[in-house]
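Residue-level listing of the chains:
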There are 2 protein chains.
Amino acid sequence: MNRKTLFENIKRKATFLCVGLDSDIKKIPMHLLEQEDPIFAFNKEIIDATAEYCVAYKPNLAFYESLGATGLFSFERTVSYLRDNYPDQFIIADAKRGDIGNTSELYARSFFEHLDLDAVTVAPYMGEDSVKPFLYPDKWVILLALTSNKGSHDFQFTTDKNGERLFEKVLKVSQTWADENQMMYVVGATQGEMFADIRKYAPNHFLLVPGVGAQGGSLEEVVKYGINKECGLLVNSSRSIIYADSSENFSFAAQQEAKKIQSEMAVLLKKHGIIAD
Amino acid sequence: MNRKTLFENIKRKATFLCVGLDSDIKKIPMHLLEQEDPIFAFNKEIIDATAEYCVAYKPNLAFYESLGATGLFSFERTVSYLRDNYPDQFIIADAKRGDIGNTSELYARSFFEHLDLDAVTVAPYMGEDSVKPFLYPDKWVILLALTSNKGSHDFQFTTDKNGERLFEKVLKVSQTWADENQMMYVVGATQGEMFADIRKYAPNHFLLVPGVGAQGGSLEEVVKYGINKECGLLVNSSRSIIYADSSENFSFAAQQEAKKIQSEMAVLLKKHGIIAD
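So, here's what we can say about the structure. (Residues numbered from 1 in each chain as written. Chains lettered and ligands numbered in written order. Predicted model: local features only at pLDDT ≥ 70, side-chain atom pairs only at ≥ 80, totals over all residues. Heavy atoms only, no water.)

With that settled, consider the pattern of salt bridges. A side chain with one charge may pair with a side chain of the opposite charge, provided their charged atoms come close. Scanning all chains against the criterion turns up 46 salt bridges over all chains. B:R77 serves as the salt-bridge partner of B:D37, at 3.1 Å between the closest nitrogen and oxygen. Taken together, the residues B:D37 in the loop between β1 (17-21) and α2 (38-50) and B:R77 in helix α4 (residues 69-85) connect sequence positions 40 residues apart. Linking B:E168 and B:R165 is a salt bridge whose minimum nitrogen-to-oxygen distance equals 2.6 Å. Residues joined by salt bridges that share partners form a network here, namely A:K58, A:D94, A:K96 and B:D99. (Salt bridge = Lys/Arg side-chain N within 4 Å of Asp/Glu carboxyl O. Helix = DSSP H or I, 4+ residues; strand = E, 2+ residues; numbered from the N terminus.)

Here you go:
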């Protein structure tokens, strides 16, 4: 999916919500455990309930890999289900990969050829040749810039002798590899006031923003400092939507939660002139 | 496996070779493609041929994931085969993972509980809470410090105002999370002269050293600057061993290549007084 289509979907549906499919076998409703593929059954219900209110889904690979090959089957079935039934959804593999060139190529082959995903999250530590193999036409690299966790302070704020912080260097250097049509950045919602700094370096890029909800970030603050003329934000919520309820009504509860966030997003999109009042 | 046992294996077998099982369906000998699980068939023959000459195996997950769930089955079978038949081998999942705490926990569960691996490679960019969940008793985090690829120069050498380079900061800060009994570092063989600098920060740690062979690093130089009193090195070779020959004799060729490297290592271990002359 290209940038234009993504932006059109955001305007048409009045939402920039990404639902994180962090589907943990230890947390899904008990009654699903009787199903042949409980994780897929869970995802399918969540997707059917929330697709109207979001433009993207982000399964985090860790949750699938923790079940071994069985989990990978659930992941593949989920991606196929989305592709077949909701072709307007942007699908992100949250994998945080990055390896030497010939190895990154294989990960890219896996996500973009074996599976038809739109984007993959990539870690920047190994530099250019670890990232470039993920650049495919109409596919996206979403590079970690400033993450939502406490550990982001260990290295990402390291300041060089010119006063440039590591996350700023990542933003600057990576733009020599690809532009805003093939690259997005992960910026945690918990980094509120940093969004203005990020926008100095990446005014036109989409930012994938985890950390609203369970991790404590504020949607309003993210939008205030982070929105641009094409929205430029995909705000992810995982646990607060998918685990809104643990009974047989879980998908209805997830839907209500997604709908609530979508309503807030619609107000903010109007306020910032992205969609008509 | 703890550090003492690893060092004993190194002395007993006079080798610190790690064989990288970067088993690519597009590169393995053609005749294996008739097998029910060609990647496992390839790995099994490689392992049987080389186990005498190495102390560790390092399958890189990318090569398995590129085949989807099927590839993961081959990976799991390979790990089980090693565990059942070669219990003295140290098994490393080269995965370069790292995510927010609750997600890293799942990756750790996958590698250390679902599978009984000894170590996993982890990327440091997201800091402490992304790394700590991988700390298990008698298991290892192998943290990326200075990688073997060209892109290592993009961020890893970034110098802060005190003159400290990012990879040095990674070495220093991560030692507040775990000591040399639970943590190793990845240092590329292509970084030859940097090993002396690394040893200033991590004198007692084991270093996992990729990049000898196909990537051009020199074993002699790595040992000269990197060896310590408990050897402290696991030197990995992947392509130059496993693809030494593409005919039906591939495993014999792999054995000859592993044996050659082991002989060189034995000489170096004697030269540095690790084993008796």
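Before going further, it helps to spend a moment on the interface of chain A and chain B. The interface of chain A with chain B comprises 58 residues on the first partner and 58 residues on the second. Summed over both sides, the interface between chain A and chain B buries roughly 5,100 Å², with carbon and sulfur atoms accounting for 59% of that surface. Area buried by chain A at its contact with chain B is led by A:Y125, A:M126 and A:F155, which between them contribute 17% of it. Taken together, chain A and chain B are joined by six salt bridges. Between B:D99 and A:K96 there is a salt bridge, with the nearest N and O atoms lying 2.8 Å from each other. Among the secondary structure elements, those contributing two or more residues to the side of chain A that touches chain B are α3 (61-65), α4 (69-85), β3 (90-97), α5 (101-114), α6 (128-131), β5 (140-146), α7 (152-155) and α8 (166-174) of chain A. Ranked by the residues each element gives to the side of chain A that touches chain B, the list is headed by α5(A), at seven residues. When grouped by side-chain class, the residues that make up the side of chain A that touches chain B number 22 nonpolar, 19 polar and 17 charged. (Contact = heavy atoms within 4.5 Å. Buried area = accessible area lost by both parts, 1.4 Å probe. Nonpolar A, V, L, I, M, F, W, Y, C, P; charged D, E, K, R; others polar.)

Attention shifts here to the packing of aromatic side chains. Here the structure, examined in full by the defined rule, presents 19 aromatic pairs over all chains. Seen from their ring centres, B:Y64 and B:F75 are 5.5 Å apart, and the 55° between their planes marks the pair as tilted. Separated by eleven residues along the polypeptide, B:Y64 in helix α3 (residues 61-65) and B:F75 in helix α4 bring together distant segments of the chain. A network of ring pairs unites the aromatic residues A:F40, A:Y81 and A:Y86 as a single cluster. (Phe/Tyr/Trp six-rings, centres within 6.5 Å; stacked < 30°, edge-to-face > 60°.)

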